[in-house]
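Coordinates in review
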Amino acid sequence: MAKLKILKVGDEALRKVCRPVENITPRVLQLLDDMVETMRAADGVGLAAPQVGILRRIVVIETPDEGLFELINPKIIAYSGEQISEEGCLSVPGRWGTTKRPMHVTVRALNRKGETIDVTGSGLLAKAFCHELDHLDGKLYIDVAIKMDSVD
Ligand code: NI
């Protein structure tokens, strides 16, 4: 495994629409491993492939309550409710913002075995699904934040 460099806001890779994964190759599996290692080392809840310069539809998410999710070609298939809470991003270091997100989100994706899975999350996990999937379309939470705070 290898820790990858996380790109910061201003890098144009963060603004690209990512392409779907066609085949789950050993390279994709290695990328998943490296993204998990990178996310954990940075103490993040999620990481999307464009944040490490790979323009493919892949995200990893890990929460204390729900564990690890490795999602390939993820799509939101249902959402409901609303939450207003604090949000941050490893590509926007030192800043936090307040966002409005759905309280419950269901995502359909492929797992690392190529199986289609549906995952439903609430609260933090729902927020992470929205945040990480937005990255795959070149969107950052600072685009939708109601309010930004600086902790610098
Ligand atoms: Ni982010």
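These figures come from a predicted structure and were not determined experimentally.

**What to know about the side chain of Ser 91**
Structurally, the position occupied by Ser 91 is in the loop between strand E4 (83-87) and strand E5 (95-101). A polar side-chain atom of Ser 91 sits 2.9 Å from a polar atom in the side chain of Gln 51. Setting aside chain neighbours within four positions, we find Ser 91 in contact with Ile 6, Leu 7, Lys 8, Val 9, Leu 14 and Gln 51.

**Focus: the coordination of the nickel ion**
Within the protein, Cys 89 (SG), His 131 (NE2) and His 135 (NE2) serve as the donor atoms for the nickel ion, at 2.1 to 2.2 Å. On the basis of relative accessibility, which here comes to 1%, the residue His 135 falls in the buried class.

**Details of helix H1 (residues 26-41)**
Under the 1.5 Å per step criterion, the end-to-end length of H1 is 23 Å for 16 residues, consistent within 8% with the ideal 22 Å. Of all the residues in H1, the buried ones are Val 28, Leu 31, Leu 32, Asp 34, Met 35, Val 36, Thr 38 and Met 39. Lining the buried residues of H1 we find strand E1 (46-48), strand E2 (58-63) and strand E3 (67-80). Where H1 ends, the next residue or the one after it, Asp 43, has phi of about 60 degrees, a positive value.

**Points about the pairing of strand E6 (residues 104-110)**
Pairing analysis gives six bridges linking E3 to E6, with the strands arranged antiparallel. Counterpart to Tyr 79 in the pairing with E6 is Val 105. Across seven bridges, E6 lies against strand E7 (residues 116-122) in antiparallel orientation. For Ala 109, the partnering residue across the bridge sits in E7 and is Ile 117. With antiparallel pairing between neighbouring strands as the criterion, E6 and E7 make up a hairpin whose turn holds five residues, including Gly 114 at a positive phi of roughly 85 degrees.

**Digging into the layout of surface pockets**
In this model, the largest pocket occupies a volume close to 350 Å³. As for the largest pocket, its lining consists of 21 residues, and the residues nearest its centre are Gly 44, Val 45, Gly 88, Cys 89 and Trp 96. Those elements that provide at least two residues to the lining of the largest pocket are E4, E5 and helix H2 (124-135). The dominant element in the lining of the largest pocket, judged by the number of residues it contributes, is H2, at five residues. One number sums up the size of the second largest pocket: a volume of about 260 Å³.

About the cut-offs
Residues numbered from 1 in each chain as written. Predicted model: local features only at pLDDT ≥ 70, side-chain atom pairs only at ≥ 80, totals over all residues. Heavy atoms only, no water. Helix = DSSP H or I, 4+ residues; strand = E, 2+ residues; numbered from the N terminus. Polar contact = N/O pair within 3.5 Å; in protein donor to acceptor, adjacent residues only side chain to side chain. Contact = heavy atoms within 4.5 Å. Donors = N, O, S within 2.8 Å, 3.2 Å for Na, K, Ca; no water. Buried < 20%, exposed > 50% of the residue type's maximum accessible area, 1.4 Å probe, protein only. Expected span 1.5 Å × (residues − 1). Pairing = 2+ DSSP bridges. 1 Å grid on protein atoms, 1.4 Å probe; cavity = no way out; pocket = protein on both sides within 12 Å on 5 of 7 lines; lining within 4 Å. Points joined across faces, edges and corners; volume = space filled by probe spheres on them.

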